[in-house]
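The primary structure of each chain is shown beneath.
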Amino acid sequence: MTPEEEDADAAAEASEAEAEPEPPPQQRCSACRKLFPANFKFCPHCGLSTKDLARYQRERKGRSEEAKLVDSAWKQARRVVFFYSALLFCNFLAAYILAAADCPFVLADGVIIVITGYWIYKERKLVANRLNLGSWPLALPLAFLAGGLTFAFTLLTNHIADVMLGLSELRERTGGTDLFKEEAQPLWVLVLSICVVPGIFEELFFRGLVQGVLERLLRKREAWIVQAVIFAIAHVNLLGFFTYLVFMGLWLGWLRNRTGSLLPGMLAHFCHNLCCVLADHYHWFGQ
Amino acid sequence: MALPPKRKPVTGLQRKPAPPPRPQAKAAPPEETEELVEEANDQAESEEEAEPTPKAPGAICPKCGAEMARGIAYCGACGASMKTGMKRTYKPGDAIKRIAKRGRMGKINEGRNTLMWLAILNLGFGFLLYALMSNGLRGKESDALTELRLLIVLSCGLPGVIFIGLFFWARKNPLPAMISGLVVYLTFMILTIVVAPESLLSPLAMVIRIAIILALVNGIKGAHAERQAQARDARERRREKAEQA
């Protein structure tokens, strides 16, 4: 059928429709959302062919390529959301239920070890590639420097919050650590449960798994920022979120990107936490 | 290559008078055709409030001769422009792409607006709570007031500020901002559930929570699909250029 014949047929159909006394049934153009008679082959408002629109409706009913893409995206984000929620929920539960008991550290640390371990088991490749000591002459001093700098930054921002903004009460109340009754614990328990285990497993969780999975979904720089936000909000220290936690996450993520390994980040995180624990325990800066 | 021009949102309120009829330009040279089609589209935009009334004949399609209602931009039978007689130059997938894009933008807007609503709810509720309770505590000891201030700043003020920041980030770059927003919201939700498990029993609270989470998830899906589609379009454009060269 030549185009002219097609057009003539269509014109005949259209004139037939116009001869009918009742108003013809209407259809809605999916592109411009305007109503037009059902027998038209083209939308009179935007000139689109109804064939195109019908094909779109068919594709939308079936599993179109785009729908599959969307699902794969959500599968990646879902892992992050699921494991993060599980970690947070179990940790809070452990802390709140056993706050009255002598030592909730065991449970809280156990939770992070079990959940991170399970996720690592599922995503072995993500972490295995990043446990090398590739360029250690660069990484080792950088890690110590990073730990010291982060601690100094924490002190500085806390000082600013306390002295300049007068938020010392708010800061003490919002720190999550008073749940753990630090004064009652011997030093080695504090070091093990605040420095060693979080130093290793928080790095594995946030820099290894969360950032690695997010990099499949986002650009590298965005994944870096998002993991810093997740890392900061997971500490449930709201004033800390605005002062030092986001920057700490960015700093540790930068270390991981720069050296290609998680070990310097672990070392830096350990140094920072150790400084905080020692400063608290020996009252370096007064009460 | 003629991409479909952007259409104005249809409000259905303003009703402009129809512009004077233009002389027919059937035998337009191909360079001018696109311009004419664009002009016809612009005219169609101003006229699109007028419903097509098949009863009032007035225009005859310059291409196929079908009788069409006045104020129609394209012939319903052959798809040619009523002004120029030329078909609108669409590539086969363009309509589908446009419709799909509208769906994606709707989802992104849904997620973004959820972030703004979260901010408004947090700040507004905090303000209301503060006003009501400080009224009730007037004349009592000031410790209770300090405690109250702390509680409200913690539970409403700071989350509100975070959500405002995320909303403005989502206007620039929706995907990472909405993933962060979902994680932040989940943190506060889990905190609430652990501290006050009785909130699980309130059906209204659960419905609101589920709706917020679903809206954010939809936004993430839409934003990711939009990003993939942009990458695909860029690929196609590059391939076209390579073929032309």
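It should be emphasised that the depicted structure is a prediction, and the values quoted were computed from it without experimental measurement. (Residues numbered from 1 in each chain as written. Chains lettered and ligands numbered in written order. Predicted model: local features only at pLDDT ≥ 70, side-chain atom pairs only at ≥ 80, totals over all residues.)

What follows concerns the overall build of chain A. Helix and strand counts for chain A stand at 11 helices and two strands. In chain A, buried positions account for 38% of the 287 residues. (Helix = DSSP H or I, 4+ residues; strand = E, 2+ residues; numbered from the N terminus. Buried ≥ 20, exposed ≤ 12 C-beta atoms within 10 Å, placed from the backbone.)

So, about the overall build of chain B. Along the backbone of chain B there are five helices and two strands. In sequence order, the secondary structure elements of chain B are arranged as α-β-β-α-α-α-α. Residue burial in chain B is summarised as follows: out of 245 residues, 32% are buried. For chain B, the proportion of contacts with a sequence separation of at least 24, taken over those separated by at least 6, is 61%. (Contact = placed C-beta atoms within 7 Å.)

Once that is clear, we can look at helix α11 (residues 263–282) of chain A. Over its 20 residues, α11 of chain A extends 28 Å from the first C-alpha to the last, a length consistent with the 28 Å expected when each residue adds 1.5 Å. Burial in α11 of chain A covers these residues: Leu 263, Pro 264, Gly 265, Met 266, Leu 267, Ala 268, His 269, Phe 270, Cys 271, His 272 and Asn 273 of chain A. (Expected span 1.5 Å × (residues − 1).)

Residues and elements named next belong to chain A. The interhelical angle for the contact between helix α9 (residues 220–234) and helix α10 (residues 238–259), taken along N-to-C directions, is 135°, at an axis separation of 8 Å. By the criterion of interaxial angle, the relationship of α9 to α10 is oblique. Like other packed secondary-structure pairs, α9 and α10 cross with a definite hand, here right-handed. Residue-level contacts link Trp 224, Gln 227, Ala 228, Val 229, Phe 231, Ala 232 and Ile 233 of α9 to Phe 241, Leu 245, Val 246, Gly 249, Leu 250, Gly 253 and Asn 257 of α10. Its residues assigned to classes, the contact of α9 with α10 comprises 10 nonpolar, four polar and no charged. (Axes fitted to C-alpha atoms, helices over the stretch in contact; angles between N-to-C directions. Parallel < 35°, antiparallel > 145°, perpendicular 65-115°, else oblique. Left-handed = near helix turned anticlockwise from the far one by under 90°. Nonpolar A, V, L, I, M, F, W, Y, C, P; charged D, E, K, R; others polar.)

Before going further, it helps to examine the confidence of the model for chain B. All names here are of chain B. Chain-level statistics for chain B give a pLDDT mean of 74 and a share of 69% at 70 or above. Counted against residues more than four places away or in other chains, residues 7–56, with its pLDDT under 50, gives 58 contacts. The ipTM assigned to the predicted complex is 0.73, against a pTM of 0.70. (pLDDT = per-residue confidence, 0-100.)

As for its placement among the helices and strands, Tyr 74 of chain B is situated in the loop between β2 (67–69) and α2 (94–136). In sequence terms Tyr 74 of chain B and Cys 61 of chain B are 13 residues apart; their C-alpha atoms lie 8.3 Å from each other.

This part takes up the nonpolar core. If you look at the biggest cluster of nonpolar residues, it comprises 79 residues, and the most contacted ones within it are Ile 230 of chain A together with Met 178 of chain B. The biggest single contributor to this core is helix α8 (residues 187–217) of chain A, with 12 residues. Residues contacting Met 178 of chain B, with those up to four places away along its chain left out, are Gly 111, Ala 170, Leu 216, Gly 219, Ile 220 and Ala 223 of chain B. (Core = buried A, V, L, I, M, F, W, Y, C linked by C-beta atoms within 7 Å.)

It is worth spelling out the packing of α9 of chain A against helix α4 (residues 174–195) of chain B at this point. Relative to each other, α9 of chain A and α4 of chain B sit at 10°, their axes nearing to 10 Å. The angle between α9 of chain A and α4 of chain B places the two elements in the roughly parallel class. Seen from α9 of chain A, the contacting residues are Glu 222, Ile 225, Val 226, Val 229, Ile 230, Ile 233 and Ala 234 of chain A; seen from α4 of chain B, they are Pro 176, Ile 179, Ser 180, Val 183, Val 184 and Thr 187 of chain B. When its residues are assigned to classes, the contact of α9 of chain A with α4 of chain B shows 10 nonpolar, two polar and one charged.

Turning our eyes to something else, we now look at the confidence of the model for chain A. Residues and elements named next belong to chain A. Averaged over all residues, the pLDDT of chain A equals 76, while 70% of them reach at least 70. By mean pLDDT, helix α1 (residues 3–19) is the weakest element of chain A at 54, and α9 is the strongest at 92. Here residues 176–181 is modelled with pLDDT under 50, and outside its nearest four sequence neighbours on either side it reaches eight contacts, counting other chains as well.

What follows covers the environment of Glu 222 of chain A. Residue and element names in this part refer to chain A. Along the polypeptide, Glu 222 turns up in helix α9. Residue class for Glu 222 comes out partly exposed when judged on the 18 C-beta atoms lying within 10 Å of it. Separated by 11 residues in the primary sequence, Glu 222 and Gln 211 have C-alpha atoms spaced 9.6 Å apart.

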